[in-house]
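# Overview (structure and organization)
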Amino acid sequence: MRQKLRFTWDQRGDATVLAEPPHDVLAGYLSEELQTNAPVCRRVLDTIQSLRVGRRSSWDTEGQAWSVSLNRARAAIVSEYAVPGRSLDLTLEEFEEAVGSWLRFIELSRA
């Protein structure tokens, strides 16, 4: 998944992520919903771990721009209003890799 996402800095020096459709949905979720908030990224990764070990069977959250539904196998990202009707389905592993990569990038950006 990482090869489909490009982590970079915008003109103001803020961390951002870019991708071509359909992965621009994932890029939008990472940059607009998780933003550069490392604790939020860690909570999402902890939730994925809870799904993996069976402490949860699913997790749904509505954000400000994107909503996410997770189960033990899949992740579904849906635009709330930013780009109406845009969505992306991924394996849970692909979603976890993307969130983990974004977390590492933003942590390095702050160092």
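Everything discussed here concerns the structure shown above.
In this text, all values refer to a predicted model and were calculated from it rather than measured experimentally.

This brings us to the sheet that holds strand β5 (residues 74–79). Taken in spatial order, the 4 strands of this open sheet run β3-β4-β5-β6, and their pairing is antiparallel. On the outer flanks of this sheet lie β3 (58–62) and β6 (87–91), each paired with one strand and no other. Each adjacent strand pair in this sheet contributes to an overall mean axis angle of 10 degrees, direction not counted. Bridge count for strand β4 (residues 66–71) against β5 is 5 bridges, and the pairing is antiparallel. The partner of Trp-66 across the bridge, within β5, is Ser-79.

Once that is clear, we can look at the pattern of salt bridges. A complete count under the given rule lists 6 salt bridges for this structure. Here Arg-12 makes a salt bridge to Asp-14, at a shortest N to O gap of 2.9 Å. With a relative accessible area of 71%, Arg-12 lands in the exposed category. Measuring nitrogen to oxygen at the nearest pair gives 2.3 Å for the salt bridge that ties Glu-96 to Arg-52. You can see Glu-96 sitting in helix α3 (residues 92–110) and its partner Arg-52 sitting in helix α2 (residues 38–52), a full 44 residues away along the chain. Take Arg-52: its relative accessible area is 35%, and that puts it in the partly exposed class. One salt-bridge network, held together by shared partners, links Asp-10, Arg-12 and Asp-14.

What follows covers the pairing of β6. The alternating pattern of β6 places Leu-88 and Leu-90 on a buried face, while none of Ser-87, Asp-89 and Thr-91, on the opposite face, is buried. Looking at chain direction, β5 and β6 are connected through 5 bridges and run antiparallel. Paired with Ala-75 across the strands is Leu-90, a residue of β6.

Residues Leu-30, Phe-95 and Trp-102 are the most contacted members of the largest nonpolar core, which totals 34 residues. Of all the elements in the fold, those that place two or more residues in this core are β2 (15–18), α1 (24–34), α2, β4, β5, β6 and α3. At 8 residues, α3 tops the list of elements feeding residues into this core. With near-sequence residues (within four places) excluded, Trp-102 lies in contact with Phe-7, Ala-15, Thr-16, Val-17, Leu-30, Ser-31, Leu-34, Gln-35, Thr-36 and Cys-41.

Here we take up α2. Here α2 is 15 residues long and its end C-alpha atoms lie 21 Å apart, about the 21 Å a rise of 1.5 Å per residue gives. Of the residues flanking the end of α2, it is Gly-54, one or two places downstream, whose phi is positive at about 90 degrees.

The residue Thr-8 is located in strand β1 (residues 6–9) in this model. Those residues within four positions of Thr-8 in sequence are excluded, and the remaining contacts are Asp-14, Ala-15, Thr-16, Leu-18 and Phe-105.

Conventions and cut-offs
- Residues numbered from 1 in each chain as written.
- Predicted model: local features only at pLDDT ≥ 70, side-chain atom pairs only at ≥ 80, totals over all residues.
- Heavy atoms only, no water.
- Pairing = 2+ DSSP bridges.
- Helix = DSSP H or I, 4+ residues; strand = E, 2+ residues; numbered from the N terminus.
- Axes fitted to C-alpha atoms, helices over the stretch in contact; angles between N-to-C directions.
- Salt bridge = Lys/Arg side-chain N within 4 Å of Asp/Glu carboxyl O.
- Buried < 20%, exposed > 50% of the residue type's maximum accessible area, 1.4 Å probe, protein only.
- Core = buried A, V, L, I, M, F, W, Y, C linked by side-chain atoms within 4.5 Å.
- Contact = heavy atoms within 4.5 Å.
- Expected span 1.5 Å × (residues − 1).

By themselves these figures say nothing about function.
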